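# Notes for the structure review
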Amino acid sequence: MSAAPGTGPGPAPALRVTWLGHSTAVLDLAGPDGRTTRLVTDPLLRRHAGVLRRRGDRPAADAWRGADAALLSHLHHDHAELGSLRLLGDVPVLTAPANARWLRGKGLRGVGLEPPAGSLGRTGPGGRPAQEGVAHGGAWYEVGGARVRLVTAVHGDRPMPHRPNAATGHLVRAGGDGGGGPTVWAVGDTEHFPGIGRVRELAGGRVDVALVPVSGWGPRLSGGHLGPGGAAEVCARVRPRVAIPVHWGTLHVPGGEHLPRGWMDHAGEAFAAAVRRVAPEVRAVVLRPGESWRDTPDGEGLVEHVFG
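Computed from a predicted structure; not experimentally measured. (Residues numbered from 1 in each chain as written. Predicted model: local features only at pLDDT ≥ 70, side-chain atom pairs only at ≥ 80, totals over all residues. Heavy atoms only, no water.)

## Some remarks on the overall build of the protein
This is how it is decided: Strands are runs of DSSP state E lasting at least 2 residues, helices are runs of H or I lasting at least 4, and numbering of each runs from the N terminus. Exposure classes here rest on a 1.4 Å probe applied to the protein chains alone. A residue is buried below 20% of its type maximum, exposed above 50%, and partly exposed in between. Only the protein chains shown count as cover for residues, and all accessible areas are computed by the Shrake-Rupley method using a 1.4 Å probe.
Per the secondary structure count, the protein includes six helices and 18 strands. A total of 308 residues make up the protein; the buried ones form 56% of that total. Roughly 12100 Å² of accessible area belongs to the protein as shown, and the carbon and sulfur atoms make up 51% of that amount.

## What about helix α5 (residues 228–238)?
Our working definition: Arc, as used here, means the arc of the directions from the helix axis to the C-beta atoms. Should any heavy atoms of two residues lie within 4.5 Å, those residues are counted as being in contact.
The complete set of buried residues in α5 reads P228, A231, A232, V234, C235 and V238. Buried residues of α5, viewed axially, fall in a sector of 155°; they line one side. Looking at the packing, one finds that the buried side of α5 touches β12 (183–186), α4 (199–202), β13 (209–213), β14 (242–246) and α6 (267–278). Positive backbone phi, approximately 60°, marks R239, located one or two places after α5.

## Details of empty space enclosed by the protein
Rule in force here: With a 1 Å grid laid over protein atoms only, a set of points is called a cavity when a 1.4 Å probe fits there but cannot get out and a pocket when it is open yet has protein on both sides within 12 Å along at least five of seven lines; lining residues have an atom within 4 Å of a point. Grid points are joined across faces, edges and corners, and a volume is the space filled by probe spheres set on the points. Residue polarity follows a fixed list, in which Ala, Val, Leu, Ile, Met, Phe, Trp, Tyr, Cys and Pro are nonpolar, Asp, Glu, Lys and Arg are charged, and the others, Gly among them, are polar.
Applying the stated criterion across every chain yields a total of three cavities of 30 Å³ or more. Considered as a void within the structure, the largest cavity measures approximately 120 Å³ in volume. What lines the largest cavity is a set of 13 residues, among which S23, T41, D42, A186 and G188 lie closest to the centre. The residue inventory of the lining of the largest cavity, partitioned by class, reads six nonpolar, five polar and two charged.

## Considerations on the sheet that holds strand β17 (residues 291–294)
How we decide: A strand pair is defined by DSSP finding two or more bridges across the two strands. Between N-to-C directions, angles cover 0 to 180 degrees, with each direction set by a line fitted to C-alpha atoms, over the stretch in contact for helices.
Within the open sheet, the eight strands sit side by side as β8-β7-β6-β3-β2-β1-β17-β18. Their pairing is mixed. Every other strand in the sheet has two partners, leaving β8 (110–112) and β18 (302–305) as the edge strands with one partner each. The sheet shows a mean angle of 25° between the axes of neighbouring strands, direction not considered. Pairing between strand β1 (residues 15–21) and strand β2 (residues 24–30): six bridges, direction antiparallel. Each residue of the ladder has a partner; that of R16, found in β2, is D28.

## So, the nonpolar core
Under the convention used in this document: Definition used in this section: a nonpolar core is a set of buried Ala, Val, Leu, Ile, Met, Phe, Trp, Tyr and Cys residues joined via side-chain atoms within 4.5 Å.
In terms of nonpolar packing, the biggest core is built from 56 residues, with W185 and L211 touching the most fellow members. By residue number, the principal contributor to this core is α5, which donates five residues. Apart from residues lying up to four places away in sequence, L211 is in contact with V17, A25, L27, T41, V184, W185, A186, V187, I244 and V246. Formed by 21 residues, the second largest nonpolar core is a distinct cluster that contains L20, L45, V91 and V93.

## Some words on the side chain of R16
Just so we agree on the cut-off: Polar contacts here mean pairs of N or O atoms no more than 3.5 Å apart (in protein, one a potential hydrogen donor and the other a potential acceptor; neighbouring residues in sequence count only if both atoms are side-chain atoms).
You can see R16 is positioned in strand β1. The exposure class of R16 is buried, given its relative accessible area of 1%. At 2.5 Å, the side chain of R16 and the side chain of E304 are in polar contact.

## Section: the sheet that holds strand β16 (residues 283–284)
With mixed pairing, seven strands are arranged side by side in an open sheet as β9-β10-β11-β12-β13-β14-β16. Edge positions in the sheet fall to β9 (141–143) and β16, since each has one partner strand and no second. Pairing geometry for β14 and β16, over two bridges, is parallel. Residue pairing in the sheet places V242 in a bridge with R283 of β16.

## Remarks on the confidence of the model for the protein
The condition that has to hold: How sure the predictor is of each residue is captured by pLDDT, a score from 0 to 100.
Residues with a pLDDT of 70 or more make up 88% of the protein, whose mean pLDDT is 88. Note that pLDDT drops below 50 for residues 2–10; the model gives that stretch 17 contacts with residues more than four away or on any other chain.

## Details of the packing of aromatic side chains
Defined as follows: Working definition: rings of Phe, Tyr and Trp (its six-membered ring) pair if their centres are within 6.5 Å, and the pair is stacked with planes under 30 degrees apart, edge-to-face with planes over 60 apart, and tilted otherwise. Distance and angle both matter: a charge sits over a ring if NZ of Lys or CZ of Arg is within 6 Å of the ring centre and within 35 degrees of the ring normal.
Enumeration over the complete set of coordinates arrives at one aromatic pair. Measuring from centroid to centroid gives 5.6 Å for W19 and W248, while their planes differ by 15°, and the two rings are stacked. Taken together, the positions of W19 in strand β1 and W248 in the loop between β14 and β15 (251–252) put the pair 229 residues apart, joining distant regions of the chain. When sorted by exposure, W19 lands in the same class as W248, which is buried. Cation over ring: R147 sits above W140, and NZ or CZ is 4.8 Å from the ring centre.

## Topic: the packing of α5 against α6
Rule in force here: Throughout, the term roughly parallel applies to angles under 35 degrees, roughly antiparallel to angles over 145, roughly perpendicular to angles from 65 to 115, and oblique to all others. Each helix crossing is assigned a hand: it is left-handed if the near helix lies turned anticlockwise from the far helix by less than a right angle, otherwise right-handed if that turn is clockwise.
Between α5 and α6, whose axes approach to 8 Å, the crossing angle comes to 40°. By the angle between their directions, the pair α5 and α6 is classed as oblique. Between α5 and α6 lies a crossing whose hand is right-handed. Contact residues: P228, G229, A231, A232, E233, C235 and A236 in α5; A267, A270, F271, A274, V275 and V278 in α6.

Here it is in structure tokens:
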């Protein structure tokens, strides 16, 4: 893969997260052997997602080029944008089995991972996703020098009649079989549900960075999503070292960018303030689209401008 933006000479940082907007983040992970793997979450790389419009610049190709795999949480159009997935080339798209089958029918390389036992593809009362079985994750999948596994997400609102509706999060660990590298939790769209705190156990007792959804693409948050306060409560349960808010400040309906005025700019800082109140041991890092955060030996991290 190509070098991470801004890496320069010398060894790559153990972890770099570049937020491209909405739920799209580029993870550059280096294992103990120095091998670097690039993963892209819910790629939205073009100007629009269906009827939704992007505020700001389209992501620069250098920020996402050379991906080893894509991580796809679910098939809502603002997360599974087929044109963007095709821009990545012939890379595996790691997702729930039903979603992977659908993607393969579209000519993409969908790879269905073993889900957490009893959680994906099952429904409870009223057709909502079942929540039992969250203590047991599926098998790890090797990609590059990293490993990926699915974890539970509960996102049953607004089911689509024309696409599968399985939803999931992802755990990523650098270092392959040997482990030892940083661990990232890409939460995916979800509501707060009993057992969400078991993600830390599935991660082997440590989550270094969580990519946490904190809003949506309109001023009113629909069911199956976390707002800033709920996202902070999830962080209090899982206790990641660093939490980066995503799923905010990027997409809007035509003409809805300023209705009401300022709604697109609120959620990131509101999440950071809520984390300070309910999860003071967690460090919230609020990025803007086109910024990256990289881990540093002192644990403080460094925010860098990449594009835009």
